[in-house]
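# Examination of the molecular architecture
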Amino acid sequence: MSKNQKIEWVLSVLVIISFFGTMYSVMQNFDLFGTKEVTIAEIISMTSLAITGVAWIINYLVKIAVSIRTADDGARTPLVWIFGPIIFAIATGALINGTGNFTQGFEFLAVFAGIGIFLTCIAYNVFFCLYFGKRTPMYVALIIYNLAVIIYATTTNTLGFIHNVYLGFFIPATVIGYLEFYIREKIENN
């Protein structure tokens, strides 16, 4: 694993921990009417989430720049890394209603939304396969990623918004992918 990949793995773990810490501190101080003051725990957890998120993004951009400069991953992989998040942001915005919630007279859009969500889910899988570079995709992590998304989406009745579930599970899946990547390297070196 390169230094950049190790940093990305550590930052991904920190983003997950910071996210859950933020959710926990916010839920502890949840106030429907806005009468409670913000706690120190909320400020610290939100600040740590923002800092680790920004550090993750900066590291991701460095990963792209290094890949382009060294050409280790070929010419197409950095392009996927650049345009993948842009495509996912556009798809998430365009498919905000999922496959439902269309008002009367616009129900026909559910078919187009379903096709768009299906294509977005395929794009997430392609992006995940190329996320670790030009090497062999992390198949175990990919299977776990898809199973986790499908199980979560079916148990919570969010199949109409499965593209958002793919987005939400992406960083935990990269952590598992880097573990698989690390284990593969250890096996190859022995």
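Above this text you will find the structure in question.
Parameters at a glance
Residues numbered from 1 in each chain as written. Predicted model: local features only at pLDDT ≥ 70, side-chain atom pairs only at ≥ 80, totals over all residues. Heavy atoms only, no water. Axes fitted to C-alpha atoms, helices over the stretch in contact; angles between N-to-C directions. Helix = DSSP H or I, 4+ residues; strand = E, 2+ residues; numbered from the N terminus. Parallel < 35°, antiparallel > 145°, perpendicular 65-115°, else oblique. Left-handed = near helix turned anticlockwise from the far one by under 90°. Contact = heavy atoms within 4.5 Å. Nonpolar A, V, L, I, M, F, W, Y, C, P; charged D, E, K, R; others polar. Phe/Tyr/Trp six-rings, centres within 6.5 Å; stacked < 30°, edge-to-face > 60°. Buried < 20%, exposed > 50% of the residue type's maximum accessible area, 1.4 Å probe, protein only. Lys NZ or Arg CZ within 6 Å of the ring centre and 35° of its normal.

For the pair helix α3 (residues 76-94) and helix α4 (residues 109-130), the least separation of the axes is 10 Å and the interaxial angle reads 150°. Here α3 is positioned roughly antiparallel relative to α4, judged by the angle of their axes. For the element pair α3 and α4, the recorded crossing hand is left-handed. Every residue of α4 that contacts α3 at Thr77, Val80, Trp81, Gly84, Pro85, Phe88, Ala91 and Thr92 is listed here: Thr120, Ala123, Tyr124, Phe127 and Leu130. Of the residues assigned to the contact of α3 with α4, the class counts are nine nonpolar, four polar and no charged.

Once that is clear, we can look at unusual backbone geometry. Phi is positive for Ala71, which is not a glycine, with a value near 60°. As for its position among the elements, Ala71 is in the loop between α2 (40-70) and α3. The phi torsion at Asn157 lies on the positive side, around 55°, for a residue other than glycine. Along the chain, Asn157 falls in the loop between α5 (139-155) and α6 (162-168).

Any pair of aromatic rings gets described here by the distance separating the centres and the angle formed by the planes. Within this structure, the stated rule accounts for 18 aromatic pairs. Taking the centre distance of 5.3 Å and the plane angle of 90° together, the rings of Tyr145 and Tyr166 count as edge-to-face. Of the two residues, Tyr145 sits in helix α5 while Tyr166 sits in helix α6, which places them 21 residues apart along the sequence. A relative accessible area of 1% places Tyr145 in the buried class. By relative accessible area, which is 5% here, Tyr166 ends up buried. Here Lys63 stacks its cationic end above the ring of Trp81, 4.4 Å away from the centre of that ring.

Our focus in this paragraph is the packing of helix α1 (residues 3-28) against helix α7 (residues 170-189). Running from N to C, α1 and α7 point in directions that differ by 140°, and their axes come no closer than 9 Å. When the axes of α1 and α7 are compared, the pair comes out oblique. For α1 against α7, the interelement crossing comes out left-handed. Contact residues: Gln5, Glu8, Trp9, Ser12, Val13, Val15 and Ile16 in α1; Ile171, Pro172, Thr174, Val175, Tyr178, Leu179 and Phe181 in α7. Classifying every residue of the contact of α1 with α7 gives ten nonpolar, three polar and one charged.

Let's shift gears to the environment of Ile143. Tracing the chain through its elements places Ile143 in helix α5. On the accessibility criterion, Ile143 (52% relative accessible area) is exposed. Taking the C-alpha atoms as reference points, Ile143 and Asn125, separated by 18 residues in sequence, lie 9.9 Å from one another.

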